Amino acid sequence: MATPRRIKITESGKVSVITFNDSKIIDESEIQEFGQELYDLVERDGRKKIVLNFANVEFLSSAALGKLIGFDKRVKQHGAELILSNIRPEIYEVFAITKLTKLFVIKDDEADALAAI
Amino acid sequence: MSDHRWSWTAVRSLPSQPDAHVPFMLEILHELKRLGWDGRDYFGVELALAESLANAIHHGNRLDESKQVHVECKASDERFWIRICDEGAGFKPLLVPDCTADENLECSGGRGLALIRAFMSHVEHNERGNCVTMEKIRSNEPFMRRNCRPCDGDDSTPK
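Residues numbered from 1 in each chain as written. Chains lettered and ligands numbered in written order. Predicted model: local features only at pLDDT ≥ 70, side-chain atom pairs only at ≥ 80, totals over all residues.

The next thing to look at is the overall build of chain A. Each helix and strand in chain A was counted, giving four helices and five strands. Starting at the N terminus and walking to the C terminus, you meet the elements of chain A as β-β-α-β-α-β-α-β-α. For 117 residues, the compact-globule estimate of 2.2 N^0.38 gives 13 Å, and chain A sits close to it at 13 Å. Counting across all 117 residues of chain A, residues that qualify as buried make up 41%. (Helix = DSSP H or I, 4+ residues; strand = E, 2+ residues; numbered from the N terminus. Rg over C-alpha atoms; globule rule 2.2 N^0.38 Å. Buried ≥ 20, exposed ≤ 12 C-beta atoms within 10 Å, placed from the backbone.)

This is the structure we're talking about:
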């Protein structure tokens, strides 16, 4: 299994904690790769509990948001659970403007997310 | 507006290829940093540039390499102004579905436009719908706080 380039996976008990290798994903090819690596977590690896830690993320375009929404759909289709954490104010505002705060479960930090999942 | 003293201006034509806008976008952002832009104002322009330039290349010109995206922009330490025109047929902004409606939350389109409108001070499309003109006036407004929508600058809003 190839090591993902856009994300880093750490196991915490039965939960997979995902951090992002890039603070900004702008290039289209990187966004495609980012999406595929997320989809693989549930479709290929069969992970059931996932925390996405956004601590490193400084910029998120609507194209990357589209990948997150696609990931959320796949998570639900596979009966898995997803929680987002450590979202900076600027990124949280992007989620709030697009009302994606209604779609995703968001916790302040990784410890809160791990406790809730 | 017309007598505003701009510190930097640029005019470019970009090819309709994926990511063709990225170097110019980074150049604009570099100039804004140099002019002292930061925080929500800077982030908002960065987001609006990424969304609108990619829209022009992908949705406007549909990656047709015979077409170009024409950009004119101006910046000062107080204002940023940009006009982006593609050579496509144009679109009707009012017909773009509201991506924030509950039934559309998972839809693919409309989020870029919603973000542009939220972060820029003025956004205007021409009648044909192939040109967007945007302006950002620096406000030093803070980012929205969690569990607080919209804040409206009211510090008494519960967190």
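What follows continues from the structure just given.
In this section: the interface of chain A and chain B. In this assembly, 23 residues from chain A lie in contact with 24 residues from chain B. Among the elements of the structure, helix H2 (62-77) and helix H3 (89-97) of chain A are those that each provide at least two residues to the side of chain A that touches chain B. Counting residues per element, the side of chain A that touches chain B draws most heavily on H3 of chain A, at seven residues. For the side of chain A that touches chain B, the per-class residue count stands at twelve nonpolar, four polar and seven charged. (Contact = placed C-beta atoms within 7 Å. Nonpolar A, V, L, I, M, F, W, Y, C, P; charged D, E, K, R; others polar.)

Time to look at the sheet that holds strand E5 (residues 131-137) of chain B. By way of backbone hydrogen bonds, the strands of a sheet pair with one another, either parallel or antiparallel. Residues and elements named next belong to chain B. Strand order in the open sheet made by the five strands is E1-E2-E3-E5-E4, with antiparallel pairing throughout. Two strands lie at the open edges of the sheet, namely strand E1 (8-15) and strand E4 (122-125), each paired on one side alone. Put simply, the sheet's adjacent strands are angled 10° from each other on average, direction ignored. Looking at chain direction, strand E2 (residues 68-75) and strand E3 (residues 79-85) are connected through six bridges and run antiparallel. Of the residues in E3, the one forming a bridge with Lys74 is Trp81. Its contacts with the sheet place helix H1 (residues 22-34) against E1, E2 and E3, and it is angled at close to 5° to E2. (Pairing = 2+ DSSP bridges. Axes fitted to C-alpha atoms, helices over the stretch in contact; angles between N-to-C directions.)

The five strands lie next to each other as E1-E2-E3-E4-E5 (chain A), forming an open sheet whose pairing is mixed. With partners counted over all chains shown, the strands left at the sheet margins are strand E1 (7-12) and strand E5 (106-107) of chain A, one partner each.

Formed by 66 residues in total, the largest nonpolar core has its most connected members in Val51 of chain A together with Ala48, Leu53 and Ile84 of chain B. At ten residues, helix H2 (residues 39-60) of chain B tops the list of elements feeding residues into this core. With sequence-adjacent residues up to four places away left out, Ile84 of chain B is seen in contact with Ser52, Leu53, Ala56, Val69, Val71, Cys131 and Val132 of chain B. (Core = buried A, V, L, I, M, F, W, Y, C linked by C-beta atoms within 7 Å.)

Residue and element names in this part refer to chain A. Tracing the backbone shows Leu84 in strand E4 (residues 81-85). Distance from Leu84 to Phe54, taken between C-alpha atoms, is 7.2 Å for residues 30 residues apart in sequence. Setting aside residues no more than four positions away along its own chain, Leu84 makes contact with Leu52, Phe54, Phe104, Val105 and Ile106.

Residues and elements named next belong to chain B. With burial as the criterion, only one face of E2 is covered, namely that bearing Val69, Val71, Cys73 and Ala75; the residues Gln68, His70, Glu72 and Lys74 on the opposite face remain uncovered. Note that E1 and E2 share eight bridges and pair antiparallel. Looking at the pairing, Pro15 lines up with Gln68 of E2. A loop of three residues connects E2 with E3, the two strands running antiparallel in sequence.

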